[in-house]
Amino acid sequence: MTTLSLQVAASSDDARETGGGVVTINTATLILQASGAWLGFRFNNVTIPQGATINTAVLQVFVDSTANDDPHLDIYCEDEDDAATFTTAANSISTRNLTTAKTNWTATSVGAGFVSCPDITGPVQEVINRGAWASGNDLVILFDAIPTPATDITIRAYDNLASEGAKLDIDYTITAPEPGLAVVEAASLATEYEVWLLDPFGNTLDVIDDWLYLDYSRTLNNVGSLELGLDGGYPNFDFIKL
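Notes on the structure follow.

A separate point is the overall build of the protein. A tally of regular secondary structure across the protein gives one helix and 19 strands. For the protein, buried positions account for 43% of its 242 residues. Looking at the protein alone, contacts between residues at least 24 apart form 72% of all its contacts between residues at least 6 apart.

Okay, here's the thing in structure tokens:
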């Protein structure tokens, strides 16, 4: 397992939208007190490969004071491959595409300072599973105020103090698929082949020269590809002619 720790790192990477659709990005505090209001937090350079398994995802926000520390909201991710930073365009937070998965945060008197939201593994996993997601893309997390009970929470923004910007810790696991083999200039079984053993990312793990004369088993399938079993510990692999 690997843990990636991120923090909002720019003025336009946290923002507030009022119930009337007015978006503010240059502000010291992000106030969420009415139904229809939204907050957004963007995290840059999320170096998690597409399809990785998200074990935990914990968002921390800096609550301004105990006078306004009652969150009643739903937490989504923006359902995009590479989320854009925020602008002041009207309704530009609430109209972003949302993940189907969400996490509810309903609590009272959570206290001041950095406070951890409930785990948001579901929304984060949905984004990481997108087909065009790539390591290094940007991720947006969105707060949607719910009407009952009324939310009342004030969060400090990056513009108040950079060190108080929202934080995101993601613990994830990469499960690599089986390695594959490729062979070039395969004309017949009487030919000596040069074979490459590749990992899922195209890196060469081993090169086999003149493999017909080495200790491998081999069979032809009906599509003309080969399966090789390597006594050195590799399982059987399918591979293709290039």
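From this point, the discussion proceeds with the structure in view.
On to the sheet that holds strand β9 (residues 103–106). Spatially, β3-β2-β5-β11-β8-β9 is the arrangement adopted by the six strands of the open sheet, whose pairing is antiparallel. A single partner strand is all that each edge strand has here, and the edge strands are β3 (23–24) and β9. Strand direction decides the pairing type here: strand β2 (residues 14–17) and β3, joined by two bridges, are antiparallel. Residue pairing in the sheet places E17 in a bridge with V23 of β3. Of the strands in this sheet, β8 (72–77), β9 and β11 (137–145) are in contact with helix α1 (residues 121–128), which crosses β8 at around 20°.

Glancing now at α1. Counting buried positions along α1 yields six of eight residues, so the element is predominantly enclosed. Among the residues making up α1, those that are buried are T121, P123, V124, Q125, V127 and I128.

What follows deals with the nonpolar core. Counting 39 residues, the largest nonpolar core has F41, F43, L59 and F143 as the members making the most contacts within it. Per-element accounting of this core gives the leading share, five residues, to strand β6 (residues 53–63). Dropping the residues within four chain positions of it, L59 is found in contact with F43, V115, S116, C117, I120, I141, F143, A166, K167 and L168. A15, I25, A83 and F86 belong to the second largest nonpolar core, which has nine residues in total.

Turning next to unusual backbone geometry. With the exception of glycine, the majority of residues adopt a negative phi angle, and the majority of peptide bonds are in the trans configuration. A positive phi angle, close to 55°, is found at N45, a residue other than glycine. Looking at the secondary structure, you find N45 in strand β5 (residues 38–46). Unlike most non-glycine residues, S109 shows phi in positive territory, near 55°. Relative to the elements of secondary structure, S109 occurs in the loop between β9 and β10 (113–116).

Rules of the game
Residues numbered from 1 in each chain as written. Predicted model: local features only at pLDDT ≥ 70, side-chain atom pairs only at ≥ 80, totals over all residues. Heavy atoms only, no water. Helix = DSSP H or I, 4+ residues; strand = E, 2+ residues; numbered from the N terminus. Buried < 20%, exposed > 50% of the residue type's maximum accessible area, 1.4 Å probe, protein only. Contact = heavy atoms within 4.5 Å. Pairing = 2+ DSSP bridges. Axes fitted to C-alpha atoms, helices over the stretch in contact; angles between N-to-C directions. Core = buried A, V, L, I, M, F, W, Y, C linked by side-chain atoms within 4.5 Å.

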